[in-house]
Amino acid sequence: HYSFFPEEPRWPAGTTELTYAFDPENGLDDKTKRVFASAFARWSEVTTINFRETASYGDADIKIGFYSGDHGDGEPFDGVLGTLAHAFSPTNGRFHLDKAEDWVATGDVTEAALSNAVDLESVAVHEIGHLLGLGHSSVEEAIMYPTISSRTRKVQLAGDDIDGIQQLY
Ligand code: TQI
Ligand code: ZN
Ligand code: ZN
């Protein structure tokens, strides 16, 4: 079953659009950016919130970046596997990914040559759930279930994820 953060923080009632931006220092390619767009679209399909990329990083509601090790927020990354990414509860908007992972942005992660390959969209869909206010779910099929194996792709929202997010928005 889905859960929320303590005190159930959420984006303000009536929010119809949230903007997101990529840390310009990362210089991400379009292929990578399209993976995030696809992950956001999965949540906008089941809520009244649309997500729009903006070039003005400073003004964006959601700020996405890849970092290694200690990156200044008290939650250092740990190298290959372990913690893959973290996102904060509403309305913080910070969404950080561990640069050390072998991120797979397209194709079939189950066929990736690297045994520690991590599917970027799977992690993005999960972290966006946190950004919107969902905690973890006890339902194994749910995107918000707290474990995923490497070389696994899980990007489809389960009924449990949809029930949870529709409680908030
Ligand atoms: N990162 C953890 C996560 O996103 C960080 C975390 C732990 C967390 N507890 C939290 C974030 C409570 C918000 C609220 O769950 S992770 C998965 C999963 C991670 C894990 O790198 O371990 C995914 C990131 F669920 F598959 F294990 C993405 Cl999909
Ligand atoms: Zn961080
Ligand atoms: Zn999580």
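Structure's up top.
About the thresholds
Residues numbered from 1 in each chain as written. Chains lettered and ligands numbered in written order. Predicted model: local features only at pLDDT ≥ 70, side-chain atom pairs only at ≥ 80, totals over all residues. Heavy atoms only, no water. Near = heavy atom within 4 Å. Polar contact = N/O pair within 3.5 Å; in protein donor to acceptor, adjacent residues only side chain to side chain. Areas by Shrake-Rupley, 256 points an atom, 1.4 Å probe, with all protein chains shown as cover. Nonpolar A, V, L, I, M, F, W, Y, C, P; charged D, E, K, R; others polar. Helix = DSSP H or I, 4+ residues; strand = E, 2+ residues; numbered from the N terminus. Buried < 20%, exposed > 50% of the residue type's maximum accessible area, 1.4 Å probe, protein only. Contact = heavy atoms within 4.5 Å. Donors = N, O, S within 2.8 Å, 3.2 Å for Na, K, Ca; no water.

**Student:** So what's going on with the site of ligand 1? Residues and values would help.
**Tutor:** With respect to spatial proximity, 13 residues lie near ligand 1, and among them Leu84, Ala85, Glu127, Pro146 and Ile148 are the closest. Here an oxygen atom of ligand 1 and a side-chain polar atom of His136 are 2.9 Å apart. Its free accessible area being 570 Å², ligand 1 has 74% of it covered by the protein chains. Within the shell around ligand 1, the residues separate by chemical class into seven nonpolar, five polar and one charged.

**Student:** Explain the side chain of Ser122 to me, and be specific about the residues and the numbers.
**Tutor:** Assignment of secondary structure puts Ser122 in helix α2 (residues 120–132). Judged by its relative accessible area of 4%, Ser122 falls in the buried class. In this structure the side chain of Ser122 is engaged in a polar contact, spanning 2.6 Å, whose partner is the side chain of Asp119. Beyond its immediate chain neighbours, meaning those up to four positions away, Ser122 contacts Ile148, Thr152, Arg153, Lys154 and Val155.

**Student:** I'd love a proper account of the coordination of the zinc ion (ligand 3), names of residues and values included.
**Tutor:** Around the zinc ion (ligand 3), the donor atoms from the protein are His126 (NE2), His130 (NE2) and His136 (NE2), and they sit 2.0 Å away. All donors of the zinc ion (ligand 3) belong to a single chain; written as a sequence motif, their spacing is H-x3-H-x5-H. Of this pair, His126 and His130 are both found in helix α2, four residues apart, which corresponds to roughly one turn of the helix. In this pair, the class of His126 matches that of His130, namely buried.

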